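# Reading the structure
Each chain is listed here by its residues.
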Amino acid sequence: AVTVTMWLTPLCASKLVMLDPYCNLNDLDLEVMRYQPNFWICIPVFYKVLMKSKRLPEDYSMKHLLLAGSGADTLNNKQIGQIKKFLKDHGCEATFGTGYGQSEGGSTFTIPCPAVPLTDTCCGMPMPAVVLSIFDNETGEEVGYGEIGEICKTGVGNMLGYQDEKMT
């Protein structure tokens, strides 16, 4: 889901999507400097590789990044702070966001908004013909903004089956 989200974002921004499946993880720094991507797969190990790089100049500008964030693997608050400082020190102006557990939402029922920094969400805006709501797990009642619950949606992007349910 993280990969799909990172495909949708550049496509929604009318950007060229380049796949680099044979990039050695240890050469990620060289690839970032070579291609200067606007978007990339937002997983913690990529940041760790860049932060440990001896080849990435201290004054290298990452202004080319229009989106910065993390999903797919956990980061604690200290690690998030270190990544934010690294990006800021390298001129990245994108707002750093996290999206644990919402990657599917980012790729199946929302549209990324690369021109508008997301500061209190990670998914984007709902796609047309999609209805979203959050429900309390115990009562089944709809909850208000900012309350914890189960994300439920209906619309054109519904999967045919999930969690061992038969596909119809």
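Look up a bit, the structure's there.
Residues numbered from 1 in each chain as written. Predicted model: local features only at pLDDT ≥ 70, side-chain atom pairs only at ≥ 80, totals over all residues. Heavy atoms only, no water.

### Some details on the side chain of His 64
Relative to the helices and strands, His 64 is located in the loop between α3 (44-52) and β1 (68-70). A polar atom in the side chain of His 64 sits 2.9 Å from the side chain of Tyr 60. Residue contacts for His 64: discarding those within four places in its chain leaves Val 32, Gln 36, Pro 37 and Asn 38. (Helix = DSSP H or I, 4+ residues; strand = E, 2+ residues; numbered from the N terminus. Polar contact = N/O pair within 3.5 Å; in protein donor to acceptor, adjacent residues only side chain to side chain. Contact = heavy atoms within 4.5 Å.)

### Notes on the packing of aromatic side chains
Tallying each qualifying case throughout the model produces 1 aromatic pair. Aromatic side chains Tyr 47 and Phe 96 sit 5.7 Å apart centroid to centroid with 65 degrees between the ring planes, which places their arrangement in the edge-to-face category. Residue Tyr 47 is found in helix α3, and its partner Phe 96 is found in strand β2 (residues 96-98); the two are separated by 49 residues along the sequence. Phe 96 matches Tyr 47 in its accessibility class, with the two residues each being buried. (Phe/Tyr/Trp six-rings, centres within 6.5 Å; stacked < 30°, edge-to-face > 60°. Buried < 20%, exposed > 50% of the residue type's maximum accessible area, 1.4 Å probe, protein only.)

### Description of the layout of surface pockets
One simple way to see leftover space: roll a probe sized like a water molecule over the atoms. By volume, the second largest pocket amounts to about 780 Å³. Surrounding the second largest pocket, 24 residues form its lining, Met 18, Asp 20, Pro 37, Phe 39 and Trp 40 being those nearest its centre. Only α1 (2-12) and α2 (28-35) provide two or more residues apiece to the lining of the second largest pocket. Tallied by class, residues from the lining of the second largest pocket come to 18 nonpolar, 3 polar and 3 charged. (1 Å grid on protein atoms, 1.4 Å probe; cavity = no way out; pocket = protein on both sides within 12 Å on 5 of 7 lines; lining within 4 Å. Points joined across faces, edges and corners; volume = space filled by probe spheres on them. Nonpolar A, V, L, I, M, F, W, Y, C, P; charged D, E, K, R; others polar.)

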